[in-house]
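Analysis of the macromolecular model
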Amino acid sequence: EMKVIAIIPARYQSSRFPGKPLADICGKPMIWWVYQQCMKVEDFDEVYVATDDDKIFNTCTELGVKVIMTSDTHRTGTDRIGEVARKIPADLIVNIQGDEPLLEPATIKAAIEPFYHNPDLQISNLMAKITDPIDVVNCTVPKVITNRDGIGVYLTRATAPYPKGSLDYAYYKQVCVYGFKPEALQFYCDYGMTYGKAKVEAVEDIEILRFIENGYKVQYIEVDSETVAVDTPNDLAKVRAIVEAKIAAGEITI
């Protein structure tokens, strides 16, 4: 029986959008919405928010959200996850970004599923087909390039691969849910302590590249998800409108 825990990293200081996890969506902070979605996944034994910020810690505590205080020196969200994983032993750690409040439980589950069938698997990550052509050229949207078996070859903020041989190509964007075996997380954190970010990871600013650069196989799973990652106040307005519509339609109750 695998012990599976979910960890939602939440920082207050974000370069593009400070205080983002506490942004209000229909009367509740964004982080609460993400936590609720994770709680619906029956595979999880425990769900935690991991933060370095008192405001976020206190808000979570008031709302009955399990929260763990972590160091404020972490360079990446994955390093923060690693700290929690050292405190709470588990067979699988699932990292769910705190800025995707519309993430469906079935989507989160897709990142866990492969670990039941492949004992050698170390890391999983989700991707979704890009439906909006603007996302193909948008540098805030990492594009995922995989081989035939769905193993990650590269991720980039650029528009890649370049369709020289064929225009018959669907582009994929990263959906920020990751599954990690504890050993893989340990590698990530140890590498960071020794070298800082990996070479291309630092250039693209995409964390999962640290694994790919170092020869790890990252299994990509395609999901059909219309989730909106909140990177800007504009994205937040989009998400608010969607949530309001779902509340009005009786699909969500707060």
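Above this text is the structure in question.
Notes on the structure in this doc start here. Each chain has its residues counted from 1, running along the sequence as written. Two thresholds apply to this predicted model, a pLDDT of at least 70 for residue-level local features and 80 or more for giving and counting side-chain atom pairs, whereas whole-chain, interface and lining totals are computed over all residues. Water and hydrogen atoms play no part in the side-chain values, which are based on all heavy atoms of the structure.

**Thoughts on the pairing of strand S6 (residues 92-96)**
Definition in use: Exposure categories follow from relative accessible area, calculated using a 1.4 Å probe and restricted to protein chains: below 20% of the type maximum is buried, above 50% is exposed, and the middle band is partly exposed. The way it works is that DSSP assigns letters per residue, a run of H or I at least four long becomes a helix, a run of E at least two long becomes a strand, and they are numbered from the N terminus.
For S6, a buried count of five out of five residues is recorded, marking the element as mostly surrounded by other parts of the structure. Neither face of S6 is open: one carries Leu92, Val94 and Ile96, the other Ile93 and Asn95, and all of them are buried.

**With respect to helix H1 (residues 30-39)**
Along H1, eight of the 10 residues are buried, which leaves the element largely enclosed by surrounding structure. Buried within H1 we find Met30, Ile31, Trp32, Trp33, Val34, Tyr35, Gln37 and Cys38.

**Some words on unusual backbone geometry**
In the segment running from alanine 160 into proline 161, the intervening peptide bond is cis, with an omega of 0 degrees. Within the secondary structure layout, proline 161 lies in the loop between strand S9 (152-156) and strand S10 (172-180). Here the phi dihedral of cysteine 26 falls at roughly 50 degrees; this positive angle occurs in a residue that is not glycine. Positionally, cysteine 26 belongs in the loop between strand S2 (24-25) and strand S3 (28-29). On the accessibility criterion, cysteine 26 (22% relative accessible area) is partly exposed. You will see that aspartate 205, though not glycine, has its phi angle at about 60 degrees, which is positive.

**Topic: the pairing of S9**
Operational definition: When DSSP finds two or more bridges between a pair of strands, those strands are recorded as paired.
Note that strand S8 (residues 143-146) and S9 share four bridges and pair antiparallel. What sits directly across from threonine 146, in S9, is glycine 152. Connecting S8 to the antiparallel partner S9 that follows it, the hairpin turn spans five residues, and glycine 150 within it adopts a positive phi of roughly 80 degrees.

**Notes on the environment of serine 166**
Take serine 166: it is sitting in the loop between S9 and S10. Judged by its relative accessible area of 37%, serine 166 falls in the partly exposed class.

**A look at the packing of helix H3 (residues 77-87) against helix H6 (residues 182-195)**
Two measures define how a pair of helices packs: the angle their axes make with one another and the distance between the axes. Quick note on the threshold: Think of each axis as a best-fit line through the C-alpha atoms, taken over the contacting stretch in the case of a helix, with angles from 0 to 180 degrees between the N-to-C directions. For classification purposes, angles smaller than 35 degrees are called roughly parallel, those larger than 145 roughly antiparallel, those between 65 and 115 roughly perpendicular, and all remaining angles oblique. Helix crossings get a hand from a simple test, with the near helix turned counterclockwise from the far one by less than a right angle marking a left-handed crossing and a clockwise turn marking a right-handed one. By definition in these notes, contact holds between two residues if any of their heavy atoms fall within 4.5 Å. Asp, Glu, Lys and Arg are counted as charged, while Ala, Val, Leu, Ile, Met, Phe, Trp, Tyr, Cys and Pro are counted as nonpolar; the rest, among them Gly, fall into the polar class.
It is at 9 Å that the axes of H3 and H6 come closest, and there the two elements cross at 125 degrees. In terms of orientation, H3 and H6 fall into the oblique class. Both H3 and H6 take part in a crossing whose hand is left-handed. For the pair H3 and H6, contact is made by Thr78, Asp79, Ile81, Gly82, Ala85 and Arg86 and by Leu185, Gln186, Tyr188 and Cys189, respectively. Considered class by class, the residues forming the contact of H3 with H6 number five nonpolar, three polar and two charged.

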